[in-house]
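# Survey of secondary and tertiary structure
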Amino acid sequence: MKSKANKKQSLGINIFKQSVGSISRRSFFKYMGTGIATYIVWSDVFVASALQVNEKQLKFPDQDLISSWIHISPAGDITVFTGKVEIGQNIRTSLSQVVAEELFVAPGAINMIMGDTGLTPYDRGTYGSLTTLQISPILRKAAANLREILVEEAQKTWKIEASNLFLRDGMVIDPMANKMLGYGDLVKGKQLLRKVNKNVKTIAPKEWKVAGHSIPKINGKDFITGKHRYVSDMVLPGMVFGRVLRPPAYGAKLLDADTSQAEKIPGVNVVREGDFIGVTAADTLTVAIALASIESSWDRSTPMQRSELFKHLVDTAAEKKTVSEAVGQAFERADIKVDKSFEIDYIAHVPLETRAGLASWKNGHLEVWAGTQRPFGLHEELQKIFDLPVDSIRVYVPDTGSGYGGKQTSEVGVEAARLSKHVGKPVKICWTREEEFKWAYFRPAGVIQVRASLTNGKISSWELHNYNSGSAGIDFPYSGAKEHLEFHRSSSPLRQGSYRALSSTANVFAMESIVNDLAIGSGEDPLQFRLRHLENPRLTAVVKAAAQAFDWERQKSQDNIGYGMACGTVKGGFVATFVEIEVERKTRKLIVRDVVTAFECGVIINPRHLESQVTGCVLQGLGGALFEAVDFKDGNLTNASLTSYRVPRFKDAPKMRVILLNREDLPSSGAGEAPIVCIAPALRNAIHNASGVKLYKLPMLPSGIVPDNT
Amino acid sequence: MKVSVNNKEYSVEVTNNPSLLEVLRDQFDLTGTKYGCGEGACGACKVLVNGIPTPACITPVTSVSGKKVVTIEGLAENGELHPVQKVLLEEDVFQCSYCASGMIITAAALLKQQPTANVQELIDGLNGNICRCCTYPAIINALKKLSQKEGEK
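What comes next concerns the included structure. (Residues numbered from 1 in each chain as written. Chains lettered and ligands numbered in written order. Predicted model: local features only at pLDDT ≥ 70, side-chain atom pairs only at ≥ 80, totals over all residues. Heavy atoms only, no water.)

In terms of helices and strands, chain A carries 18 helices and 30 strands. A compact globule built from 710 residues should have a C-alpha radius of gyration of about 27 Å, and chain A, at 27 Å, falls within 12% of that. Here the C-alpha coordinates of chain A stretch approximately 80 × 75 × 50 Å along the principal axes. Relative to its full complement of 710 residues, chain A shows a buried share of 62%. For chain A, contacts bridging at least 24 residues in sequence account for 76% of all contacts bridging at least 6. Per element, the accessible surface of chain A, about 26900 Å² overall, is 50% carbon and sulfur. One way to put it: in chain A the 87 positive side-chain charges average out to a point 4 Å from where the 75 negative ones average out. (Helix = DSSP H or I, 4+ residues; strand = E, 2+ residues; numbered from the N terminus. Rg over C-alpha atoms; globule rule 2.2 N^0.38 Å. Buried < 20%, exposed > 50% of the residue type's maximum accessible area, 1.4 Å probe, protein only. Contact = heavy atoms within 4.5 Å. Areas by Shrake-Rupley, 256 points an atom, 1.4 Å probe, with all protein chains shown as cover. Lys, Arg positive; Asp, Glu negative; His and termini not counted. Charge placed at Lys NZ, Arg CZ, Asp CG, Glu CD.)

The next thing to look at is the overall build of chain B. For chain B, the helix and strand inventory stands at five helices and five strands. Each helix and strand of chain B, placed in order from N terminus to C terminus, yields the pattern β-β-α-β-β-β-α-α-α-α. Against the compact-globule benchmark of 15 Å for 153 residues, chain B has a radius of gyration of 15 Å, which places it among compact chains. Once the C-alpha set of chain B is aligned to its principal axes, its extents read approximately 50 × 30 × 25 Å. By residue count, 56% of the 153 residues in chain B fall in the buried class. Residue pairs at least 24 apart in sequence account for 56% of intrachain contacts in chain B once pairs closer than 6 positions are excluded.

Turning our attention to helix 4 (residues 119-126) of chain B. All names here are of chain B. Looking at helix 4, one finds that the buried residues are L122, I123 and L126. In an axial view of helix 4, the angular spread of the buried residues amounts to 100 degrees, which keeps them on one side of the axis. Residues of helix 4 that are buried sit in contact with helix 3 (100-113) and helix 5 (136-152). Sitting at the head of helix 4, N118 places a side-chain oxygen 3.1 Å from the backbone nitrogen of Q120. (Arc of directions from axis to C-beta. Polar contact = N/O pair within 3.5 Å; in protein donor to acceptor, adjacent residues only side chain to side chain.)

Residue and element names in this part refer to chain A. Evaluated as defined, the whole model comprises 21 aromatic pairs over all chains. Between F550 and Y563, the ring centres sit 5.3 Å apart and the planes meet at 90 degrees, which makes this aromatic pair edge-to-face. Residue F550 is located in helix 16 (residues 537-550), and its partner Y563 is located in strand 24 (residues 561-570); the two are separated by 13 residues in the primary sequence. Neither F550 nor Y563 differs from the other in exposure class; each is buried. (Phe/Tyr/Trp six-rings, centres within 6.5 Å; stacked < 30°, edge-to-face > 60°.)

Take the state of the cysteines next. According to the stated counting rule, one finds zero disulfides over all chains in the structure shown. Free cysteine: C567(A), not disulfide-bonded; nearest cysteine sulfur from C678(A) at 6.2 Å. Unpaired in this structure, C617(A) has its nearest cysteine sulfur neighbour in C134(B), at a distance of 9.5 Å. (Disulfide = S-S within 2.5 Å.)

In this complex, chain B contributes 52 residues to the contact, which on the side of chain A involves 58 residues. Counting the surface lost from both chain B and chain A, the interface buries some 4300 Å², and carbon and sulfur atoms represent 56% of this. At the boundary of chain B and chain A, one finds five salt bridges. Ionic pairing is found between D233(A) and R25(B), a salt bridge with its closest N-O pair at 2.8 Å. Joining chain B to chain A, the criterion identifies 33 residue pairs in polar contact (both at pLDDT 80 or more). Every element with two or more residues in the side of chain B that touches chain A is listed here: helix 1 (20-27), helix 2 (83-90), helix 3, helix 4 and helix 5 of chain B. Among the elements that take part in the side of chain B that touches chain A, helix 5 of chain B stands out by supplying five residues, more than any other. Of the residues that constitute the side of chain B that touches chain A, the class distribution is 27 nonpolar, 14 polar and eleven charged. (Buried area = accessible area lost by both parts, 1.4 Å probe. Salt bridge = Lys/Arg side-chain N within 4 Å of Asp/Glu carboxyl O. Nonpolar A, V, L, I, M, F, W, Y, C, P; charged D, E, K, R; others polar.)

Okay, the pairing of strand 18 (residues 393-396) of chain A next. The side chains of a regular strand alternate between both faces of the sheet. Every second residue of strand 18 of chain A is oriented toward a common face, with I393(A) and V395(A) on one face and R394(A) and Y396(A) on the other, all of them buried. A crossover connection joins strand 17 (residues 365-370) of chain A to the parallel strand 18 of chain A through helix 11 (residues 375-386) of chain A; in handedness this β-α-β unit is right-handed. (Right-handed = clockwise from strand over helix to strand, strands pointing away.)

Residue and element names in this part refer to chain A. A grouping of D256, D258, E263 and E295 is seen on the molecular surface, where their side chains present a negatively charged patch. Note on placement: D256 falls in strand 10 (residues 253-258). Judged by its relative accessible area of 46%, D256 falls in the partly exposed class. (Patch = residues over 30% accessible without salt bridge, like charges linked within 9 Å, V, L, I, M, F, W, Y side chains within 5 Å.)

To continue, consider helix 18 (residues 679-691) of chain A. Residue and element names in this part refer to chain A. When the terminal C-alpha atoms of helix 18 are compared, their 18 Å separation across 13 residues agrees well with the 18 Å that a helix rising 1.5 Å per residue should span. Taken together, the buried positions of helix 18 are I679, A680, P681, A682, L683, R684, N685, A686, I687, H688, A690 and S691. The first or second residue beyond helix 18 is G692, which carries a positive phi of 80 degrees. (Expected span 1.5 Å × (residues − 1).)

Moving on, we come to the packing of helix 11 of chain A against helix 12 (residues 411-423) of chain A. All names here are of chain A. Contact geometry of helix 11 with helix 12 gives a least axis separation of 10 Å together with a crossing angle of 40 degrees. As helix 11 packs across helix 12, the resulting crossing turns out to be right-handed. For the pair helix 11 and helix 12, the contacting residues are L378, E381, L382, I385 and F386 in the first and G413, V414, A417, R418 and K421 in the second. Partitioning the contact of helix 11 with helix 12 into residue classes produces six nonpolar, one polar and three charged. (Axes fitted to C-alpha atoms, helices over the stretch in contact; angles between N-to-C directions. Left-handed = near helix turned anticlockwise from the far one by under 90°.)

For the rest of this paragraph, the subject is empty space enclosed by the protein. In total, this model carries six cavities of 30 Å³ or more according to the counting rule given. K217(A), G220(A), F223(A), I224(A), L88(B), L89(B), D92(B), V93(B), F94(B) and S97(B) together form the lining of the largest cavity. Looking at the lining of the largest cavity, the elements that each hand over two or more residues are helix 6 (220-224) of chain A together with helix 2 of chain B. When residues of the lining of the largest cavity are assigned to their parent elements, the largest contribution, three residues, is made by helix 6 of chain A. (1 Å grid on protein atoms, 1.4 Å probe; cavity = no way out; pocket = protein on both sides within 12 Å on 5 of 7 lines; lining within 4 Å. Points joined across faces, edges and corners; volume = space filled by probe spheres on them.)

By themselves, these are just geometric observations and shouldn't be taken as functional.
Structure below.
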């Protein structure tokens, strides 16, 4: 049992000679040869979902489509096929763990085939914290089914009915007769494909020996020796490098282009298809020179300026729904009223690996390697653009240099395919950092208006309008108020899309700021106020855990120190963050002294990796909270580089503690998003606590200096 | 022109004055060194030039003539991982790991210079390296183990 994860996905080893789109039940053994396998269809996945996911994912074209399967070969190799992709969440490890647990093997024995449209079943994409929520539990069941089949096969082989057989290290063992057989030997010559039995008994979390433990990143060594090839590192025989001509500003239309100078450079090919102009050359430098030698002129539209952004978002919003009389009256009659508006800037994902795509055409077949969160989305796009049958395309996503929601599209895969088709060679395109900033997409900017009130110490009305940034995380977790929650679509001047936790960060920022202000306005401790109003015991539990670890009641050592807190629940994760900050006396510089985050997302599959996700979320969130913002002027980004767009660095990381609550009685949810939402409001409330200054913008302090209230 | 990388002599095509990063990746297929920003601001492309961590993306290859370049591929000795690689692997710090090569190169040079570096010195020395997954605390904790062990000697 020493099959190595990832081995079948490495470059140049195609276990199938041609792309097959997605393997069907009927064709299964044509491709897999022999062995046994269990499969899951999408309707199983949705039914098994512990959480009602209030999103489009539930509408699925064909619920009987296979979602994933696990196969055991006569060589004893255990292979999992899933369309999910690894972009740093370490799901290759966590999914291996749950399968290994049920099959009594080491996690390294699981071969995970991920994000390969020729091999893995259809998947919408890796986003929305859905892998651990939906795929992990059902893979556990598929593996448990396999375990049962293995036992049945052993019973048949040994002609016994004994039920005391057990599994260990890839063997089925009969302790009475002192016999054992390897999984490979048990499946030899067989062709067994079974749909998952959802009622199968899985191993209880308290019995877990592999799942629930801090198993290190699978293939970790390849990443610290430089051996792993991200798409940007891949090389195919005869491959050339490509670049694409970009407009000088958003919305600019190409008038004219002179490519004659570029064409004169030896080895350079210029490709022109309508307004699309690309170049290829044998190396990165030559292709950059070729691109720079193209003379082009453009018709620029009248762009919007950043200074007009927030007014524009409100002005272009869909008409407001009528706020019910009950909400209006509760507000009018209240003791304490707050009516405030928040402004949220666009921010960029800045994945350290910029978008990269590699394409190769052979006899009308197209193969594309791309770092994308939606391999099947790219597959469908390629099918449309190049008018190809589904099985003439194969998209691969090797483990990718991060995404954070920013790689749901794959323009670069399409661009590489286009250039490759013209030049008749494999083409690789790696976007420059500037292209990644300008031509990807951003976390939406937004305006959030909140009108809220307090009557007799209780929240009596809550009215929240989110313009443009989104409805995720808009739900109000506190009891008693007459509510009006509304998301208004607006026209966004910049291209926007998904981001870690989407708009939850903005909505929770507004919500937790106002709730904090209401508490303080009524003279109550913000922690006690929240505990009195919170409805969900899981949220209460993380608040209490963080408060205790932070020691909320402790005396401040100096009067320029502030404590702040916030809590929230997003996508099945429950989070509370408490911070201590200092406003330096002379300079008014903000110093973040301590951050405590408590998080709970059901039973923990890998404590070390969960802690890492929580830490990563909080620190990435700290960037958006304090200083990250996309700046633009005259239709162009003015900070499209890492010297001008600031992301958190080592020096920005404060003292941090993460407390993980393990609920062995509850199914796991994802953790790559929820823990990001509380750092901004916790900081904001701490700044208020220290200085009396209330901030209503994200980012709050691009200069790092707390404004003077006096 | 000839360049020494990981104790091996390579012939380089220097037309158009390529950067060391372009040469390592395109000409030598040493892709462990990554492109991150192209302006020496993120640390992903750092290599050792005569032992000094240097952003390869803004270093003309002609400037390393006669010098010794070490990339992530050449850090292990006699099949033994470098102690920095070992401790980061053991402590399981990375998420997407794209920053790992530059981070390891920088930390290896830092700890060679200051074997008993304290936390603040580690932070100062690594501040030029971005980990966008923000695994910073785990990286510092892992490296601290190395420098503390060195301090106890």
